[in-house]
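Structure at a glance
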Number of protein chains: 2
Amino acid sequence: MEKITLGPMPYLSVMPALLVGANVKGKPNYMTAAWASPACMVPPMACVAVNRERYTLKGIEENRTFSLNVPSVHQLVETDHCGLVSGAREDKSGVFTSFYGALKTAPLAEECPVNIECRLFKTVDCGSHRLCIGEIVEIHIDRACLTDGKPDSAKINPMLYAHFAYFDLGNEVGKAFSAGKMYKEK
Amino acid sequence: MEKITLGPMPYLSVMPALLVGANVKGKPNYMTAAWASPACMVPPMACVAVNRERYTLKGIEENRTFSLNVPSVHQLVETDHCGLVSGAREDKSGVFTSFYGALKTAPLAEECPVNIECRLFKTVDCGSHRLCIGEIVEIHIDRACLTDGKPDSAKINPMLYAHFAYFDLGNEVGKAFSAGKMYKEK
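Going through the model one piece at a time under the given rule, you end up with twelve salt bridges over all chains. The partner of Asp125(A) in a salt bridge is Arg130(A), with the nearest N and O atoms 2.7 Å apart. For Arg143(A), the salt bridge identified is with Glu2(B), shortest N-O distance 2.9 Å. One end of the pair, Arg143(A), is in the loop between strand E11 (129-142) and strand E12 (146-147); the other, Glu2(B), is in the segment before strand E1 (3-5), on a second chain. Overall, the relative accessible area of 45% leaves Arg143(A) in the partly exposed class. By relative accessible area, which is 46% here, Glu2(B) ends up partly exposed. Shared partners join several salt bridges into a network, and the residues in it are Arg52(A), Glu61(A), Asp125(A) and Arg130(A).

Right under this line is the structure:
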């Protein structure tokens, strides 16, 4: 394998395409994001990187709540639309049907199979982006996306993002905490 | 769609399976992780959540460097092995062939098609996990995984993780910053 260098760039791998929800000026707003991850197990937390100029950030910092919504491939057009248009220029409150959960001020997109409510824990200024770390307060999921009471990725049918393109999920290739038992020292 | 609540838990969506590399006691060590994301565009940064008890964390904090390595599905067994076994109990320096780049102290796994060198920028204590935010200093990629000079996700063939299972990437379902142009207000 011949390796070459690309120089520093904000690239990791394929990431989940998400919608960050926040109330801004009293209205639900959704921003497309793919730079998000769980951040802690106990207490459960997640983080998302948001450009400091983004309209959504105002709502996150004002209410100290936000949501992470997992669209399925069926929300391709709406999801990408929320990344093309700023809430500062266009009212995006009607793109999804919003509902509220435990936090009251973090809008959740009904059409997305998974909605995660977060209470802002900390923000970290990294440069162009502010990393918003939130404690996960509640998770809402479409009952049809569960198998044995647990989220089933194949049923959720999430959209993945990499390099200006969206992908769907492929096939299971192995079990975690199990496949490695086959490892033999070289 | 009928939504039910799952309670708070550290769940987001399908995430990339990665290997966090760090030198610990002068030896390369790799830890499996799926809680990682780009964190900033300018300067380019990435973050990864690491349990505070993990052996790898000692190396990250000692050297203030780490790597994020993107395995392909061909590294399934080795990748899962690094999540089953702690470097505190077993020397994992031979699981991958290590090389070093600009940072000298962040081991890079030759067998993985993508290797990202990070200089530790900040850590955030979230609870059980410490979020390690690093500035991306260099990216190494298998020349065979490029198309028109850019990383090609289909060629990288990354492993994705969700709920105790690994998946491969599916098909492209749409173009980002483009598909949303079809959006029509309801």
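Once you've had a look at it, read on.
This brings us to the nonpolar core. A general tendency of soluble globular proteins is for nonpolar side chains to be buried together. Core analysis: the biggest nonpolar cluster contains 95 residues, and Leu131(A) and Leu131(B) have the highest contact counts within it. If near-sequence neighbours (up to four positions away) are discounted, Leu131(A) is found in contact with Cys47(A), Val48(A), Ala49(A), Lys122(A), Thr123(A), Val124(A), Cys126(A), Ala39(B), Cys47(B), Leu131(B) and Ile133(B). If you look at the next biggest cluster of nonpolar residues, it comprises twelve residues, including Val14(A), Phe167(A), Val14(B) and Leu169(B).

Right, let's get into the interface of chain B and chain A. Contact residues are listed per partner, giving 102 residues for chain B and 101 residues for chain A. Of the roughly 9,000 Å² buried between chain B and chain A, counting both surfaces, carbon and sulfur atoms make up 67%. The largest contributions to the chain B side of the interface with chain A come from Lys3(B), Leu12(B) and Tyr183(B), which together make up 8% of the buried area. If you look at where chain B meets chain A, you find two salt bridges. For the interface between chain B and chain A, the tally reads 40 residue pairs in polar contact (both at pLDDT 80 or more). With eleven residues, strand E15 (residues 165-175) of chain B is the largest single contributor of residues to the side of chain B that touches chain A.

Conventions and cut-offs
- Residues numbered from 1 in each chain as written.
- Chains lettered and ligands numbered in written order.
- Predicted model: local features only at pLDDT ≥ 70, side-chain atom pairs only at ≥ 80, totals over all residues.
- Heavy atoms only, no water.
- Salt bridge = Lys/Arg side-chain N within 4 Å of Asp/Glu carboxyl O.
- Helix = DSSP H or I, 4+ residues; strand = E, 2+ residues; numbered from the N terminus.
- Buried < 20%, exposed > 50% of the residue type's maximum accessible area, 1.4 Å probe, protein only.
- Core = buried A, V, L, I, M, F, W, Y, C linked by side-chain atoms within 4.5 Å.
- Contact = heavy atoms within 4.5 Å.
- Buried area = accessible area lost by both parts, 1.4 Å probe.
- Polar contact = N/O pair within 3.5 Å; in protein donor to acceptor, adjacent residues only side chain to side chain.

That is the geometry; function is a separate question.
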